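Chain residues, written in single-letter form:
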Amino acid sequence: MKLTPWFKSFLAFVSLAAATVAPAALKIGFAQTGAESAWRTANSDSMKAEAAKRGIDLKFSDGQGKQENQIRALRSFIAQKVDAVVLAPLVETGWDPVLRDAKRAGIPVIITDRSIVTTDETLYACFIGSDFFEEGRMAAEWLAKKTGGTGRIVELQGTPGSAPANERRKAFAEGIASHPGLKIIDSQSGDFRRAGGKEVMEALLKKHGKSIEIVYAHNDDMALGAIQAIEEAGLKPGTDIVIVSIDAVREGVQAVVAGKINCTVECNPLFGPKVYDTVAKLLAGQKVERKSFNKDELFDATNAGAALPTRQY
Amino acid sequence: MKPKAKSPIFWPLAGLVALVLLNAVHDLGFLKITLLDGHLYGVPVDILTQGSRTMLVALGMTLVIATGGVDLSVGSVVAIAGAVCAVLLQGGHSLAVTLAAAIGTGLLAGSANGLLVARLGVQPIVATLILMVAGRGVAQLIVDGQVIIIKSPSFEFLANGFLLGVPFAPLLVIALYAATHFALRRTALGLFIEAVGDNETASRFAGLAAARIKALAYIFCGACAGLAGVLAAANIRAADAYRAGENMELDAIFAVVVGGTALTGGRFVILGTAIGALLIQTLTTTMYNLGVPPAIAPVPKALLIIGVSLLQSEKVGRWLGGLWPKKEAA
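Residues numbered from 1 in each chain as written. Chains lettered and ligands numbered in written order. Predicted model: local features only at pLDDT ≥ 70, side-chain atom pairs only at ≥ 80, totals over all residues. Heavy atoms only, no water.

**Here we look at the overall build of chain B**
Now for step 1: From N to C terminus, chain B includes 14 helices and 6 strands.
Now for step 2: The globule rule puts the C-alpha radius of gyration for 330 residues at 20 Å, and the 21 Å found for chain B is close to it.
Now for step 3: For chain B, the C-alpha atoms occupy an extent of roughly 75 × 55 × 40 Å along the three principal directions.
Now for step 4: For chain B, the proportion of its 330 residues judged to be buried stands at 51%.
Now for step 5: Total accessible area on chain B stands at roughly 15300 Å², and carbon and sulfur atoms take up 70% of it. (Helix = DSSP H or I, 4+ residues; strand = E, 2+ residues; numbered from the N terminus. Rg over C-alpha atoms; globule rule 2.2 N^0.38 Å. Buried < 20%, exposed > 50% of the residue type's maximum accessible area, 1.4 Å probe, protein only. Areas by Shrake-Rupley, 256 points an atom, 1.4 Å probe, with all protein chains shown as cover.)

Structural data, given as structure tokens:
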């Protein structure tokens, strides 16, 4: 029989598919939001590297910042009959229908990084995330100790309405409430962007002049932008103006070592080990915590230098 | 006497002046310009410097819109050009090579758009949407999903440097505006663009190379976006492939339309575009200056934009004219 090239490749495909199915490696689908920041890239890398280490067959999908892409990825994971699904949801709502499909197919879903809002809590197995609230609280606590409880603060908020911006704002406000000397004199959004942080800081420096003593930025990118604005205004970041930030990306920790950021609270993106441990427990039928958080550290002048060489992101 | 309201730049200029007055009343320090470390320092300087990128992108957009098209890809081209700069500078290439590559990237992107729109007859929105979506992916591919830090004082000078105390970026952009104005208005080129935008078929029968003129508008627009990408990367000393130039196409289109250029094509006002771009930047700075909470800042912005657009509309103008009948008309 003469085979057409098309049929040949089809046969090859079928045999290939059969070959990959044969070893019973754990199959996990991971629907990532996208690659919007260094943090996100580190998060993806951690998931991939840890999967390779444990011999897990990870189906990775980049949502490119669109929820419909993530939903499509989840549907395809369900069709491929994966053992478990990990979802880093881009937004909080709109997941119910696709999660119901996963539940019907008997596939456990783990939500990571950001939480979701759903009418049926049984639709996902558990949530593993970053504790944005705790990060804001740690920043406030450090600041109160460092300044002795007095100072005029400007806050650089993240994207209005996003979970990290909301929680970091609330927690910080609560944290400084017990120190009446610490006052937020202005709060504007730099949209989590370096350019945004710089632009807002330029404007606030002109508005308040030298009365700004402290900058609290919701992420390192905005803090790094603000540092440029402060330097261009002829002031010394870290000395003339105390800078507190969150994320502890490599460049942020470097700025701490250089004395330009006074303190940055880590938002650990290395989720891989914890997520796969949880999946293993789930599949073994053990109980897992409904809500758990990655542990975050704080870096200031005392420990940044030592931590810098081992920063992975 | 010809009433001033007939001039296309009257309303955006009025909006800009009103905004500046509002800020000055709130805090007189808004207008203050001082000398710091031998260069100008103050809010108006910031507005010019920060607004220069939108001004530049809007300049290219003006010509594209004048031909009756639109270029949605400029934001992505800004990101690609920034990424190209970061990678080349990291690889130790000279500033000249980097700049040429960044502007070349813009020219290439513009050529792709021009080819699709002018030669293949694809709808401008669809044709440029392709690059808008794909371009961001290209930019991320170039920098491998990372934010690349740029350590080059001469590169940074382009966005943050001062020439005789005056910020360099606005000077560069204003020079480009002037050059474009003379190139278009002192030659027949401007007329050609308007003719193509007004009626492509008629202009072709009149002997104009309509497709070539259209393609050139997109190429010019791409080059402007490429240079804006250089300025955006130099401004923050980093290439942020994911966020650089985000929503810039919308700001540019707004600046162009508010400045009196018709979205239907066939008419353009270069000075109006510059004023429109400054209007947007002043609006953003006003929100910071008045301390409007970020969650509600889009609302006053939207209101002002609606206001300026309504005032520009001929129908609304006629209706308003009916409310206060002119005495000298009798």
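Now that the structure has been shown, the text picks up again.
**Brief notes about the pattern of salt bridges**
Residue and element names in this part refer to chain A.
Now for step 1: If you walk through the whole model with that rule in mind, you get 29 salt bridges over all chains.
Now for step 2: Salt-bridge contacts for Glu231 lead to Lys260; the nearest nitrogen and oxygen are separated by 2.9 Å. Pair noted here: Glu231 is in helix H8 (residues 220-232) and Lys260 is in the loop between helix H9 (250-257) and strand S10 (263-266), with a separation of 29 residues, a long-range link.
Now for step 3: Taking relative accessible area as the criterion, Glu231 reaches 27% and is therefore assigned partly exposed.
Now for step 4: Overall, the relative accessible area of 32% leaves Lys260 in the partly exposed class.
Now for step 5: Sharing partners across several salt bridges, the network here consists of Glu50, Lys53, Arg54 and Asp277. (Salt bridge = Lys/Arg side-chain N within 4 Å of Asp/Glu carboxyl O.)

**Some thoughts on the interface of chain A and chain B**
It is common to give the size of an interface as the accessible area lost on bringing the parts into contact.
Now for step 1: Contact residues are listed per partner, giving 32 residues for chain A and 32 residues for chain B.
Now for step 2: Summed over the shared surface of chain A and chain B, the number is 4 salt bridges.
Now for step 3: Asp46 of chain B is the salt-bridge partner of Lys206 of chain A, the closest N and O atoms lying 2.6 Å from each other.
Now for step 4: The tally of links between chain A and chain B comes to 13 residue pairs in polar contact (both at pLDDT 80 or more).
Now for step 5: Where the side of chain A that touches chain B is concerned, the elements lending two or more residues are helix H2 (38-54), strand S7 (182-189), helix H7 (194-208) and H8 of chain A.
Now for step 6: With 11 residues, the single largest contributor to the side of chain A that touches chain B is H7 of chain A.
Now for step 7: Tallied by class, residues from the side of chain A that touches chain B come to 10 nonpolar, 9 polar and 13 charged. (Contact = heavy atoms within 4.5 Å. Polar contact = N/O pair within 3.5 Å; in protein donor to acceptor, adjacent residues only side chain to side chain. Nonpolar A, V, L, I, M, F, W, Y, C, P; charged D, E, K, R; others polar.)

**Here we look at the domain arrangement of chain A**
Residue and element names in this part refer to chain A.
Now for step 1: According to the domain assignment, chain A contains domain 1 (25-130 + 269-295) and domain 2 (132-267).
Now for step 2: Of the roughly 520 Å² buried between domain 1 and domain 2, counting both surfaces, carbon and sulfur atoms make up 59%.
Now for step 3: When the buried area of domain 1 at its contact with domain 2 is split by residue, Trp39, Arg114 and Ser130 rank highest and sum to 63% of it.
Now for step 4: Its residues placed into classes, the side of domain 1 that touches domain 2 shows 2 nonpolar, 1 polar and 3 charged. (Domains from an automatic or database assignment. Buried area = accessible area lost by both parts, 1.4 Å probe.)

**Comments concerning the sheet that holds strand S9 (residues 242-247) of chain A**
Residue and element names in this part refer to chain A.
Now for step 1: With respect to topology, 6 strands assemble into an open sheet ordered S7-S6-S8-S9-S10-S12, the strand pairing being mixed. Of all the strands in the sheet, the pair left with one neighbour each is S7 and strand S12 (298-300). Within the sheet, the average angular offset between the axes of one strand and its neighbour, ignoring direction, is 20°.
Now for step 2: Pairing between S9 and S10: 4 bridges, direction parallel. Paired with Asp247 across the two strands is Glu266, which belongs to S10.
Now for step 3: Lying on the sheet, helix H6 (residues 163-177) is in contact with strand S6 (151-157), S7, strand S8 (214-217) and S9; it crosses S6 at an angle near 170°. (Pairing = 2+ DSSP bridges. Axes fitted to C-alpha atoms, helices over the stretch in contact; angles between N-to-C directions.)

**A short note on the packing of aromatic side chains**
Now for step 1: This structure, assessed with the given rule, holds 5 aromatic pairs over all chains.
Now for step 2: Where Phe10 of chain B meets Trp11 of chain B, the ring centres are 4.9 Å apart and the plane angle is 80°; that geometry is what we call edge-to-face.
Now for step 3: Trp11 of chain B sits in the partly exposed class, given a relative accessible area of 27%.
Now for step 4: In this structure, Lys206 of chain A packs its charged tip against the face of Tyr41 of chain B, placed 4.2 Å from the ring centre.
Now for step 5: Directly above the aromatic system of Tyr124 of chain A lies the positively charged group of Arg290 of chain A, at a separation of 4.3 Å from the ring centroid. (Phe/Tyr/Trp six-rings, centres within 6.5 Å; stacked < 30°, edge-to-face > 60°. Lys NZ or Arg CZ within 6 Å of the ring centre and 35° of its normal.)

**Re the packing of helix H11 (residues 248-258) of chain B against helix H12 (residues 270-290) of chain B**
All names here are of chain B.
Now for step 1: For the pair H11 and H12, the least separation of the axes is 7 Å and the interaxial angle reads 125°. Comparing the axis directions of H11 and H12 gives the class oblique. Our pair here, H11 against H12, has a crossing hand that is right-handed. Together, Asp251, Phe254, Ala255, Val256 and Val258 of H11 and Gly272, Thr273, Gly276, Ala277, Leu279 and Ile280 of H12 make up the contact between the two elements. (Parallel < 35°, antiparallel > 145°, perpendicular 65-115°, else oblique. Left-handed = near helix turned anticlockwise from the far one by under 90°.)

**Some words on empty space enclosed by the protein**
Now for step 1: A complete count under the given rule lists 3 cavities of 30 Å³ or more for this structure.
Now for step 2: In this structure, the largest cavity occupies an estimated 200 Å³ of space.
Now for step 3: For the lining of the largest cavity, the secondary structure elements donating two or more residues are H7 and H8 of chain A together with strand S2 (39-42), helix H2 (43-66) and helix H6 (153-160) of chain B.
Now for step 4: By residue class, the composition of the lining of the largest cavity is 8 nonpolar, 7 polar and 5 charged. (1 Å grid on protein atoms, 1.4 Å probe; cavity = no way out; pocket = protein on both sides within 12 Å on 5 of 7 lines; lining within 4 Å. Points joined across faces, edges and corners; volume = space filled by probe spheres on them.)

**Topic: the layout of surface pockets**
Now for step 1: In this model, the second largest pocket occupies a volume close to 1200 Å³.
Now for step 2: Taken together, 45 residues make up the lining of the second largest pocket; nearest its centre are Asp191 and Arg193 of chain A together with Asp251, Thr284 and Lys301 of chain B.
Now for step 3: Class assignment of the residues belonging to the lining of the second largest pocket gives a composition of 22 nonpolar, 13 polar and 10 charged.

**So, the pairing of strand S4 (residues 109-113) of chain A**
Residues and elements named next belong to chain A.
Now for step 1: Most of S4 is tucked away: 5 of the 5 residues are buried.
Now for step 2: Relative to S4, strand S3 (residues 84-87) runs parallel, the two being bridged by 3 bridges. Bridging from a neighbouring strand, Val85 pairs with Val109 of S4.
Now for step 3: Chirality of the crossover, the property in question, places the unit of S3, helix H4 (residues 96-104) and S4 among those that are right-handed. (Right-handed = clockwise from strand over helix to strand, strands pointing away.)

**Considering unusual backbone geometry**
Now for step 1: One non-glycine residue, Lys81 of chain A, adopts positive backbone phi at about 55°.
Now for step 2: The topology assignment puts Lys81 of chain A in the loop between helix H3 (67-79) and S3.
Now for step 3: For Lys81 of chain A, a relative accessible area of 68% puts it in the exposed group.
Now for step 4: Even without a glycine there, the phi angle at Arg237 of chain B is positive, about 50°.

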